[in-house]
Number of protein chains: 2
Amino acid sequence: MSAHSKKSIQPDISLTVCGYSKVLEIISNKWTALIIYALEDGRIRYGEIGKRIEGISKKMLTQTLRQLERDGLIRRDVTPSIPPIVAYSLSPLGESLIPLMLELKQWAKTHYSLVEQARAAYDHSVSQEHS
Amino acid sequence: MSAHSKKSIQPDISLTVCGYSKVLEIISNKWTALIIYALEDGRIRYGEIGKRIEGISKKMLTQTLRQLERDGLIRRDVTPSIPPIVAYSLSPLGESLIPLMLELKQWAKTHYSLVEQARAAYDHSVSQEHS
DNA sequence: CGGCATCCTCGGGGATACTG
DNA sequence: CAGTATCCCCGAGGATGCCG
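Residues numbered from 1 in each chain as written. Chains lettered and ligands numbered in written order. Predicted model: local features only at pLDDT ≥ 70, side-chain atom pairs only at ≥ 80, totals over all residues. Heavy atoms only, no water.

The name given to chain A in an unreviewed UniProt entry is Helix-turn-helix domain-containing protein, with the source organism recorded as Paenibacillus filicis.

Caption draft 1: Seen up close, the overall build of chain A. Along its length, chain A carries 6 helices and 3 strands. When the elements of chain A are put in sequence order from the N terminus, they spell out α-α-β-α-α-β-β-α-α. For chain A, whose C-alpha radius of gyration is 21 Å, the value lies well above the compact-globule estimate of 14 Å for 131 residues. In chain A, which comprises 131 residues, the proportion classed as buried is 39%. Approximately 7,700 Å² of chain A is accessible, and the part contributed by carbon and sulfur atoms is 55%. For chain A, the separation between the mean place of its 17 positive charges and that of its 14 negative charges on side chains is 6 Å. (Helix = DSSP H or I, 4+ residues; strand = E, 2+ residues; numbered from the N terminus. Rg over C-alpha atoms; globule rule 2.2 N^0.38 Å. Buried < 20%, exposed > 50% of the residue type's maximum accessible area, 1.4 Å probe, protein only. Areas by Shrake-Rupley, 256 points an atom, 1.4 Å probe, with all protein chains shown as cover. Lys, Arg positive; Asp, Glu negative; His and termini not counted. Charge placed at Lys NZ, Arg CZ, Asp CG, Glu CD.)

Caption draft 2: Layout of the protein's contact with DNA strand C. Neighbouring residues of DNA strand C: 17 residues in total, closest Thr62(A), Arg76(A), Tyr88(A), Lys30(B) and Lys59(B). Close to the protein, within 4 Å, the atoms of DNA strand C belong to sugar or phosphate groups at a rate of 63%. Here a sugar or linking oxygen of DNA strand C and a backbone polar atom of Pro84(A) are 3.4 Å apart. At 2.8 Å, a side-chain N or O of Tyr88(A) approaches a phosphate oxygen of DNA strand C. At the level of elements, helix 3 (46-52), helix 4 (58-70) and strand 3 (85-90) of chain A together with helix 4 (58-70) of chain B are the ones that each hand at least two residues to the surface near DNA strand C. The class makeup of the residues in the surface near DNA strand C is 8 nonpolar, 2 polar and 7 charged. (Near = heavy atom within 4 Å. Polar contact = N/O pair within 3.5 Å; in protein donor to acceptor, adjacent residues only side chain to side chain. Nonpolar A, V, L, I, M, F, W, Y, C, P; charged D, E, K, R; others polar.)

Caption draft 3: Representation of the pairing of strand 2 (residues 74-79) of chain B in the model. All names here are of chain B. Bridge count between strand 2 and strand 3 (residues 85-90): 6 bridges; the pairing is antiparallel. Pairing of Arg-76 across the sheet is with Tyr-88, part of strand 3. Adjacent in sequence and paired antiparallel, strand 2 and strand 3 are bridged by 5 residues. (Pairing = 2+ DSSP bridges.)

Caption draft 4: Up close: the sheet that holds strand 1 (residues 44-45) of chain B. Residue and element names in this part refer to chain B. Taken together, the 3 strands give an open sheet; going across it, the order is 1-3-2, and neighbouring strands pair in antiparallel fashion. The sheet is open, and its two edges are formed by strand 1 and strand 2, each paired on a single side. In this structure, strand 1 lies alongside strand 3, joined through 2 bridges in antiparallel fashion. Residue pairing in the sheet places Ile-44 in a bridge with Tyr-88 of strand 3. On the sheet, helix 4 packs against strand 2 and strand 3 and is oriented at approximately 115° with respect to strand 2. (Contact = heavy atoms within 4.5 Å. Axes fitted to C-alpha atoms, helices over the stretch in contact; angles between N-to-C directions.)

Caption draft 5: How the structure looks around the packing of aromatic side chains. Enumeration over the complete set of coordinates arrives at 2 aromatic pairs over all chains. Taking 5.5 Å as the distance between ring centres and 85° as the angle between the ring planes, the aromatic pair formed by Tyr20(A) and Tyr37(B) counts as edge-to-face. Within this pair, whereas Tyr20(A) is found in helix 1 (residues 19-27), its partner Tyr37(B) is found in helix 2 (residues 32-39), the two belonging to separate chains. With relative accessibility at 0%, the residue Tyr20(A) sits in the buried group. In this structure Tyr37(B) comes out as partly exposed when scored by relative accessible area, which is 26%. (Phe/Tyr/Trp six-rings, centres within 6.5 Å; stacked < 30°, edge-to-face > 60°.)

Caption draft 6: Structural view of the layout of surface pockets. Residues and elements named next belong to chain B. Counted as a void, the largest pocket has a volume near 210 Å³. Lining the largest pocket are 13 residues; nearest its centre among them are Leu-15, Ser-21, Lys-22, Leu-24 and Glu-25. Here the lining of the largest pocket takes 4 residues from helix 1 (residues 19-27), the largest share from any one element. Looking at the lining of the largest pocket residue by residue, the class counts come to 5 nonpolar, 5 polar and 3 charged. (1 Å grid on protein atoms, 1.4 Å probe; cavity = no way out; pocket = protein on both sides within 12 Å on 5 of 7 lines; lining within 4 Å. Points joined across faces, edges and corners; volume = space filled by probe spheres on them.)

Caption draft 7: Focus on the nonpolar core. Among the nonpolar cores identified, the biggest contains 72 residues, and Ile35(A), Ile49(A), Trp107(A), Ile27(B), Ile35(B), Ile49(B) and Trp107(B) are the most heavily contacted of them. Not counting the four nearest positions on each side in its chain, Trp107(B) is found in contact with Val23(A), Ile26(A), Leu73(A), Leu93(A), Ser96(A), Leu97(A), Leu100(A), Tyr112(B) and Val115(B). (Core = buried A, V, L, I, M, F, W, Y, C linked by side-chain atoms within 4.5 Å.)

Caption draft 8: Representation of unusual backbone geometry. Between Ile82(A) and Pro83(A) the backbone carries a cis peptide bond, its omega angle lying at 0°. Tracing the sequence through the fold places Pro83(A) in the loop between strand 2 (74-79) and strand 3.

Caption draft 9: Highlighting the packing of helix 2 (residues 32-39) of chain A against helix 1 of chain B. Between helix 2 of chain A and helix 1 of chain B, the least distance of the axes is 9 Å, while the angle of their chain directions is 155°. Viewed along their axes, helix 2 of chain A and helix 1 of chain B adopt a mutual orientation that is roughly antiparallel. Between helix 2 of chain A and helix 1 of chain B the crossing geometry is right-handed. From helix 2 of chain A, Ala33(A), Leu34(A) and Tyr37(A) reach across to helix 1 of chain B, where they touch Tyr20(B), Ser21(B) and Leu24(B). (Parallel < 35°, antiparallel > 145°, perpendicular 65-115°, else oblique. Left-handed = near helix turned anticlockwise from the far one by under 90°.)

Right, dumping it as structure tokens:
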């Protein structure tokens, strides 16, 4: 290969390799961030999470919790009473995400209004040129 | 409201309000992080981005670039020659994301192997209990 | 209470072809 | 070169119902 040396550029950025994407793959599901947020305060029961997060269904709550558990970010403790009590809490690995998440929130606090301005300006200029 | 004070819990975590989610909504599209990564080195042409990112189609490249532009994170400079030259670069707002992204990468570097271990352990224990 | 099983919809995103 | 325009498919995720 490359018998002719036109200096062909090889891909050097890949979804499965890029560190950015690997973390986002973990925390960017629709409800993941919300659940982590709910768990920040400490140990909390299944039902309580559902009540605190607006609009989440039991299906997605369970599914997202399972994923987080599988990734080792949260712990699931079952008290086998009737009815059962199931409480979730962040694992040490999960807690290591908190500083990261706080900076996400901080960025939003200081920059999100600029994003909204940019969107408004962009949409306006686009609608103008189509008139 | 709350005529009866059973201390009914109100949702206090919302997709549209949570700072975590607002940032993730911006940077968590499939190709967004990769493109930001490609732009970190500085001004770069459309075609070059496509060549550097493995597996991206022209459609998704254009579409993701448009979103980033709309959000004010990147700038698009056109030199109207034939053929045209279009170069993209991070805006100041986009550059403000870089420290955040670096920490995402750093977290992956130090913790991702633990996530993989947790996944393997979880999958193993699940397959065990179904035998 | 804390799930799991189903069904269904909607849109993200891939493949391909055309264009100024 | 730097895009549009179409068609199409698959899977995330919502709604609903049943269960130990």
